[in-house]
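Tertiary structure, described
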Amino acid sequence: MGLTHNCSDKKTLKRWFFIDKRVGRKPIPSKLDDVRASGWLDAMKSSSPPRKKLSKDLGINFVSEEEVAYRSWALKYPSAITSFEQIIRNANGKKIALFLDYDGTLANIVVDPERAFMTNAMRAAVRNVAKYFPTAIVSGRPRDKVYGFVGLTDVHYAGCHGMDIVSPVRETMSIANHPNCIRSTDKQGKEVFLFQPANEFIPMIDEVFISLIEKTKDVEGAKVENNKFCVSVHYRNIDEKVWPAVAQCVHEVLKGYPRLRLNYGRKVLEIRPIIDWNKGKAVEFLLESLELESEDVLPLYIGDDNTDEDAFKVLREKNRGYGILVSSFPKETNAFYSLRDPSEVMEFLKSLVRWKKSTAAL
Ligand SMILES: O=P(O)(O)OC[C@H]1O[C@H](O[C@H]2O[C@H](CO)[C@@H](O)[C@H](O)[C@H]2O)[C@H](O)[C@@H](O)[C@@H]1O
């Protein structure tokens, strides 16, 4: 009983499920060796581990195993809240610039990507912090979409993992003459640079999107998002037993597109162009266009996902600033500091504002 190439074959998908439930056998036919051998499944499983239930406090001083592991990990990546004074000391009078990821950083992870709203309290915190520090949001979502969620005009936006940036015009920028850097006007009528280095991939991304919608149409819980320069295939709401079939669909489609590659996000497979551009490059671009490339600027980048690692890496390697990883479980990272979740991100942003106000009053 082999699995056909066509993952939208209803019978095949049902068969996967049924056999596994009935006899507990692994329903992995040979074609799936591709996705297993290449480590896709392991990466899918580890991309966003489910929150383990914390053991109940039984009235005695009890710290769960997970908490012990987290605390020991946090010795290497200390909390940006408890290390706040240290961060400020290290800034040593430099101007702080803030880069913020969206999903999992400014908004909690939720089952429906269309409903990943940020709270009004978080919006107010971002609005306030942007009054005192240059602030940019760098998201995997299309720029318009993330703007739709955030709705603030005083922050800068880079969408699609940095493949869709609007920035102030700066004639001296090396990238100003790049064919994909065009002058445009923003919603307020201001002249801006629109930098979309993966422009030529839009038709290819549309094609892949249509083909993945078709192939996954019978997979319960599958969601395919067209993010203009990349495609997200969400498996958060798919039964884990069907993940190999979904991985296989994506694998099959990608075979026909050697100029596209795969990234793992939080319960999402992200297909994107093979170009030398990522969130790290986007941060460098924004630092330059916002005239923040000087040594007197300390960039802080807060993010929760694998794609944010590119930005953490740039800051670490260039010894420029600090990455702050948002994670409630231990994870290898290029960040320097950590925060557990968006509520701690909000607390950190508020601390920055309080500190700025207190020093301004001196
Ligand atoms: O760079 P980000 O702003 O973090 O965007 C990355 C992806 O975020 C969204 O997916 C994630 O959040 C969803 C809502 O909480 C969640 O349902 C999903 O499981 C997460 O992977 C977005 O939908 C993706 O397109 C972005 O690439």
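For the structure, see preceding data.
Throughout what follows, the structure given in this document is the object of discussion. (Residues numbered from 1 in each chain as written. Predicted model: local features only at pLDDT ≥ 70, side-chain atom pairs only at ≥ 80, totals over all residues. Heavy atoms only, no water.)

So, about the overall build of the chain. On a plain count of helices and strands, the chain comes out with twelve helices and 13 strands. Buried residues in the chain amount to 52% of all 362 residues. Considering only residue pairs separated by 6 or more positions, the chain has 63% of its internal contacts joining residues 24 or more positions apart. If you sum the accessible surface of the chain, you get close to 17,800 Å²; carbon and sulfur atoms cover 51% of it. (Helix = DSSP H or I, 4+ residues; strand = E, 2+ residues; numbered from the N terminus. Buried < 20%, exposed > 50% of the residue type's maximum accessible area, 1.4 Å probe, protein only. Contact = heavy atoms within 4.5 Å. Areas by Shrake-Rupley, 256 points an atom, 1.4 Å probe, with all protein chains shown as cover.)

This part takes up the pattern of salt bridges. One pass over the full model with this rule turns up 22 salt bridges. For Lys 223, the salt bridge identified is with Glu 114, shortest N-O distance 3.6 Å. A residue pair is termed long-range when its members are at least 10 positions apart, and Lys 223 in strand β7 (residues 223–226) and Glu 114 in the loop between β1 (95–100) and α6 (120–132) qualify at 109 residues. Lys 223 sits in the partly exposed class, given a relative accessible area of 26%. For the salt bridge of Glu 284 with Lys 318, the shortest nitrogen-to-oxygen distance reads 2.3 Å. (Salt bridge = Lys/Arg side-chain N within 4 Å of Asp/Glu carboxyl O.)

Attention now goes to the sheet that holds β7. Read across the sheet, four strands follow the order β7-β8-β10-β9 without closing on themselves; strand pairing throughout is antiparallel. The open sheet terminates on both sides in strands that have one partner only, identified here as β7 and β9 (260–265). If you compare each strand with its neighbour and ignore which way they point, the axes differ by 20° on average. Pairing geometry for β9 and strand β10 (residues 268–273), over six bridges, is antiparallel. (Pairing = 2+ DSSP bridges. Axes fitted to C-alpha atoms, helices over the stretch in contact; angles between N-to-C directions.)

Every one of the 21 residues lining the ligand counts as a neighbour, but Val 110, Glu 225, Arg 236, Arg 266 and Glu 270 are closest to it. Ser 139 places a polar side-chain atom, nitrogen or oxygen, 2.7 Å from an oxygen atom of the ligand. One of the backbone N or O atoms of Gly 140 is found 2.7 Å from an oxygen atom in the ligand. Burial of the ligand by the surrounding chains reaches 99%, relative to a free accessible area of 570 Å². Elements that contribute at least two residues to the shell around the ligand include exactly β8 (231–234) and β10. Looking at side-chain class alone, the shell around the ligand contains seven nonpolar, six polar and eight charged residues. When residues of the shell around the ligand are assigned to domains, at least three fall in each of domain 1 (78–197 + 276–360) and domain 2 (200–273). (Near = heavy atom within 4 Å. Polar contact = N/O pair within 3.5 Å; in protein donor to acceptor, adjacent residues only side chain to side chain. Nonpolar A, V, L, I, M, F, W, Y, C, P; charged D, E, K, R; others polar. Domains from an automatic or database assignment.)

A few words on the nonpolar core. If you look at the biggest cluster of nonpolar residues, it comprises 65 residues, and the most contacted ones within it are Phe 99, Leu 212, Val 250, Leu 260 and Ile 271. The dominant element in this core, judged by the number of residues it contributes, is helix α9 (residues 243–255), at seven residues. Here this core spans two domains, and each of domain 1 (78–197 + 276–360) and domain 2 (200–273) adds at least three residues to it. Dropping the residues within four chain positions of it, Val 250 is found in contact with Trp 40, Leu 212, Val 233, Leu 262, Leu 269 and Ile 271. Core analysis: the second largest hydrophobic core is formed by 40 residues, Ile 87, Tyr 322, Tyr 337 and Leu 352 among them. (Core = buried A, V, L, I, M, F, W, Y, C linked by side-chain atoms within 4.5 Å.)

Contact geometry for helix α8 (residues 202–215) and α9: axes closest at 10 Å, N-to-C directions at 145°. Like other packed secondary-structure pairs, α8 and α9 cross with a definite hand, here right-handed. Judged by residue contacts, Val 208, Ser 211, Leu 212 and Lys 215 of α8 engage Cys 249, Val 250 and Val 253 from α9. For the contact of α8 with α9, the class distribution of residues is five nonpolar, one polar and one charged. (Left-handed = near helix turned anticlockwise from the far one by under 90°.)

Most peptide bonds adopt trans geometry, and most residues besides glycine take a negative phi value. The backbone of Cys 160 sits at a positive phi, close to 50°, despite the residue not being glycine. Following the sequence through the fold, Cys 160 ends up in the loop between β3 (156–159) and β4 (164–168). According to the relative accessible area criterion, Cys 160 is buried, its value standing at 0%. Although it is not a glycine, Glu 291 sits at a positive phi angle of roughly 55°. As for its placement among the helices and strands, Glu 291 is situated in the loop between α10 (279–289) and β11 (297–303). The class of Glu 291 is exposed, set by a relative accessible area of 55%.

Counted by the stated rule, this structure contains 14 aromatic pairs. Between Phe 117 and Phe 149, the ring centres sit 5.7 Å apart and the planes meet at 75°, which makes this aromatic pair edge-to-face. Taken together, the residues Phe 117 in the loop between β1 and α6 and Phe 149 in helix α7 (residues 143–150) connect sequence positions 32 residues apart. Note on Tyr 322 and Tyr 337: the rings are 5.3 Å apart at their centroids and 85° apart in plane angle, and the pair reads as edge-to-face. Separated by 15 residues along the polypeptide, Tyr 322 in strand β12 (residues 322–326) and Tyr 337 in strand β13 (residues 337–339) bring together distant segments of the chain. Linked through ring pairs, Tyr 70, Trp 73 and Tyr 77 together constitute an aromatic cluster. Residue placement shows Arg 316 over the ring face of Phe 336; its charged tip is 4.1 Å from the ring centre. (Phe/Tyr/Trp six-rings, centres within 6.5 Å; stacked < 30°, edge-to-face > 60°. Lys NZ or Arg CZ within 6 Å of the ring centre and 35° of its normal.)

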